[in-house]
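Descriptive analysis of the structure
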Amino acid sequence: MSMTQYVAWEHRGVLDIGFGSITQIGAHFKAMGARRIGIITDPGLVKAGVVDMVKDVIEVQGAPVVAGIFDRIEQDAKSLIVNECLRWCGENGVEGLLAVGGGSVLDAVKGVKIMIGYGVREIAELMRATAGLHGGLVIQPLTFPHIAVPTTAGTGAESSPGAVIMVEEDGLKGNIIHPHLGAQVCVLDPQVTLSLPPHLTAETGCDALSHCIEALFARNANSLSDAFAIHAIKLIKKYLPIAYQDGRNVEARMQMLIASNMGMQAYSKANGSAPIHNFAHAIGPKLDISHGLANAVLMSHVMSVLFPLYLPRIREFAEAFGVETAGLSPEQIYGAAVAALEAFKKQLGIPPVFPQKLTPEDKEDLRFRVKTDIAGFRFPLPVEAVDFILALSFST
């Protein structure tokens, strides 16, 4: 990969990696001066006992004080709930944000963090969902203490400089970008992922894989993003089936958390073309399909259609994904790689297509959503390709 282009690789914050690393949360908050923290999560993790596991570790250490638990985050980090969470933090005197959850929780907390930093009360003030990206912020440090504990592997959202928020009144996702948006400390502890059900393990793991694919084939890919993406692909190919079959396998869970974080760092540093996510952002909110499942179903269909994007580097992907390439032409490798991706999805119980049947009105709406998503602005697709990918991805 040519390195003649300009690259700025930024990573702010600490990665605490390893079994038991949640025991360091209290010390990190104390070092940041936070005396009262709020745990922000979703009801499923409360019910599963994961939140109590983290809370008990902090409380037995005596500091900081856990001011309360906000457990109302829903799928897709909805803007009205993000606003409600900000109010809850103010009412409870919260001095530090502890995000415990998957991508929706992690992004919702980043939404709260940036509202605190800019002194606004409504997240919509900082974003334009119809355009997909708000680029008009005057960059300033976001210093409010913030620790993220991802419970899926996953979005890698603990480290990303973006937050994807659903604006309910528009029914569209918007993306806020800020270099200080990621958590000051990211705690990658496999014990908080051990209870994740197999189907969510598979879906979120495929989301991590899709980040790696987008990064490797991005127009702005570089040697650093390649290193992260290629190694993460190898980790996911090896360890995701193990984690899917045996959720209590600590090694597989640990390696998947690492791969997820590496995948997001590669994805955010090689930005430029992300057609898989382009379709996932369009389809997920409209049909109430989780982001992980959307990417899992879509990635092989998108790859099979957008031949000019993927062919130049298909050998690198195939070899990282364990596909035998010796003696094969690039076109043959392409077919073998897409077939291997389909087989991998089947091994993980991912359906080959979405079960919904699209009406002509649905198709027209999805064309608009694909076109107006931020990924659609950066890498516009011809309507014929959009229609072909939609046809492949849905029941007929």
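I will try to describe carefully the structure that is included in this document. (Residues numbered from 1 in each chain as written. Predicted model: local features only at pLDDT ≥ 70, side-chain atom pairs only at ≥ 80, totals over all residues. Heavy atoms only, no water.)

Turning next to the overall build of the protein. From N to C terminus, the protein includes 16 helices and nine strands. A compact globule built from 396 residues should have a C-alpha radius of gyration of about 21 Å, and the protein, at 20 Å, falls within 12% of that. Along the longest, intermediate and shortest principal axes, the C-alpha atoms of the protein span 60 × 45 × 40 Å. Across the 396 residues that make up the protein, the buried fraction comes to 59%. At a minimum sequence separation of 6, the contacts of the protein that also span at least 24 residues come to 80%. Accessible surface, the protein: about 15400 Å² in total, of which carbon and sulfur atoms supply 57%. Computing the positive centroid from 32 side-chain charges and the negative centroid from 39, the protein places the two 2 Å apart. (Helix = DSSP H or I, 4+ residues; strand = E, 2+ residues; numbered from the N terminus. Rg over C-alpha atoms; globule rule 2.2 N^0.38 Å. Buried < 20%, exposed > 50% of the residue type's maximum accessible area, 1.4 Å probe, protein only. Contact = heavy atoms within 4.5 Å. Areas by Shrake-Rupley, 256 points an atom, 1.4 Å probe, with all protein chains shown as cover. Lys, Arg positive; Asp, Glu negative; His and termini not counted. Charge placed at Lys NZ, Arg CZ, Asp CG, Glu CD.)

Relative to the elements of secondary structure, Asn83 occurs in helix H4 (residues 79-91). Apart from the residues within four sequence positions on either side, Asn83 is in contact with Met115, Arg121, Glu122 and Ile123.

The next subject is the nonpolar core. One broad rule of soluble globular proteins: the nonpolar side chains tend to lie buried together. Counting residues in hydrophobic clusters, the biggest one holds 75 residues, and the most contacted among them are Ile213, Phe279, Ile283, Leu298, Tyr310 and Phe317. Non-local contacts of Tyr310, meaning those with residues more than four positions away in its chain, are made with Ile213, Glu214, Phe217, Pro275, Ile276, Val302, Met303 and Tyr334. (Core = buried A, V, L, I, M, F, W, Y, C linked by side-chain atoms within 4.5 Å.)

What follows covers the packing of helix H6 (residues 198-217) against helix H9 (residues 275-287). Between H6 and H9, the shortest axis-to-axis distance is 8 Å and the interhelical angle comes to 135 degrees. The orientation of H6 with respect to H9, classified from their angle, is oblique. When H6 is examined against H9, the residues Asp207, Ser210, His211, Ile213 and Glu214 are found in contact with a partner set consisting of Pro275, Ile276 and His277. A class-by-class count of the residues in the contact of H6 with H9 yields three nonpolar, three polar and two charged. (Axes fitted to C-alpha atoms, helices over the stretch in contact; angles between N-to-C directions. Parallel < 35°, antiparallel > 145°, perpendicular 65-115°, else oblique. Nonpolar A, V, L, I, M, F, W, Y, C, P; charged D, E, K, R; others polar.)

Next up on the list: the pattern of salt bridges. Across all of its chains, the model carries 13 salt bridges by this definition. Among the ionic pairs, Glu316 bridges to Arg313, the shortest N-O distance being 2.6 Å. Judged by its relative accessible area of 31%, Glu316 is partly exposed. Taking the relative accessible area as the measure of exposure, Arg313 reaches 9% and is therefore buried. Put simply, Glu364 and Arg367 hold a salt bridge, and the shortest N to O gap is 2.6 Å. One end of the pair is Glu364 and the other is Arg367, both in helix H14 (residues 360-372) and three residues apart, which spans about a single turn. (Salt bridge = Lys/Arg side-chain N within 4 Å of Asp/Glu carboxyl O.)

To continue, consider the sheet that holds strand S6 (residues 146-150). Spatially, six strands are ordered S1-S9-S6-S4-S2-S3 in an open sheet, and the strand pairing comes out parallel. Looking along the sheet, the strands with just one partner apiece sit at the ends: strand S1 (14-17) and strand S3 (65-70). If you compare each strand with its neighbour and ignore which way they point, the axes differ by 20 degrees on average. Pairing of S1 with strand S9 (residues 185-188), which is carried by four bridges, proceeds in the parallel orientation. Bridge assignment links Leu15 to a residue of S9, and that residue is Cys186. Of the strands in this sheet, S1, S6 and S9 are in contact with helix H8 (residues 250-269), which crosses S1 at around 160 degrees. (Pairing = 2+ DSSP bridges.)

All right, on to helix H3 (residues 50-61) then. With twelve residues, H3 extends 18 Å between its outermost C-alpha atoms, agreeing within 8% with the 16 Å of an ideal straight helix rising 1.5 Å per residue. Buried within H3 we find Val50, Val51, Val54, Lys55, Val57 and Ile58. Projected down its long axis, H3 shows its buried positions confined to an angular sector of 155 degrees, all on one face. Its buried side turned inward, H3 meets helix H1 (25-31), strand S2 (36-40), helix H2 (43-47), S3 and strand S4 (96-101). (Expected span 1.5 Å × (residues − 1). Arc of directions from axis to C-beta.)

Our next topic: the packing of aromatic side chains. With the rule as written, the count across this model stands at seven aromatic pairs. Note on Phe307 and Tyr334: the rings are 4.6 Å apart at their centroids and 50 degrees apart in plane angle, and the pair reads as tilted. Placement of the pair is Phe307 in helix H11 (residues 307-310) and Tyr334 in helix H13 (residues 330-347), with a sequence separation of 27 residues. Phe307 gets classed as partly exposed once you look at its relative accessible area, which sits at 32%. When the ring of Phe317 is compared with that of Phe321, the centres are 5.3 Å apart and the planes differ by 15 degrees; the resulting orientation is stacked. We note that Phe317, like Phe321, is buried. Through successive ring pairs, a cluster of aromatic residues spans Phe217, Tyr310, Phe317, Phe321 and Phe344. (Phe/Tyr/Trp six-rings, centres within 6.5 Å; stacked < 30°, edge-to-face > 60°.)

Before going further, it helps to examine the layout of surface pockets. Of the voids in this model, the second largest pocket is the one considered here, and its volume is about 170 Å³. Together, Asn278, Arg367, Phe368, Val370, Lys371, Gly376, Pro380, Leu381, Pro382, Val383 and Val386 line the second largest pocket. Taken together, the elements giving at least two residues each to the lining of the second largest pocket come down to H14 and helix H16 (383-393). Among the elements that line the lining of the second largest pocket, the one with the most residues is H14, at four residues. In terms of residue class, the lining of the second largest pocket is built from seven nonpolar, two polar and two charged. (1 Å grid on protein atoms, 1.4 Å probe; cavity = no way out; pocket = protein on both sides within 12 Å on 5 of 7 lines; lining within 4 Å. Points joined across faces, edges and corners; volume = space filled by probe spheres on them.)

What follows covers empty space enclosed by the protein. Unfilled space is identified by rolling a water-sized probe across the atoms. Enumeration over the complete set of coordinates arrives at three cavities of 30 Å³ or more. For the lining of the second largest cavity, the secondary structure elements donating two or more residues are H6, helix H7 (223-245) and H8. Split into classes, the residues belonging to the lining of the second largest cavity amount to five nonpolar, four polar and one charged.

In the case of a regular strand, side chains alternate between the two sheet surfaces. Of all six residues that make up S4, six are buried, and the element is covered over most of its length. Neither face of S4 is left uncovered, since the one carrying Gly96, Leu98 and Val100 and the one carrying Leu97, Ala99 and Gly101 both have all their residues buried. Taken together, the four bridges between S2 and S4 define a ladder with parallel strand orientation. When the bridges of S4 are listed, Ile37 appears paired with Gly96.

Attention now goes to the environment of Gly156. Turning to its location among the elements, Gly156 is positioned in the loop between S6 and strand S7 (162-167). Separated by 30 residues in the primary sequence, Gly156 and Cys186 place their C-alpha atoms 9.8 Å from one another. Sequence-distant contacts of Gly156, defined by excluding residues within four places in its chain, comprise Ser260, Asn261 and Met264.

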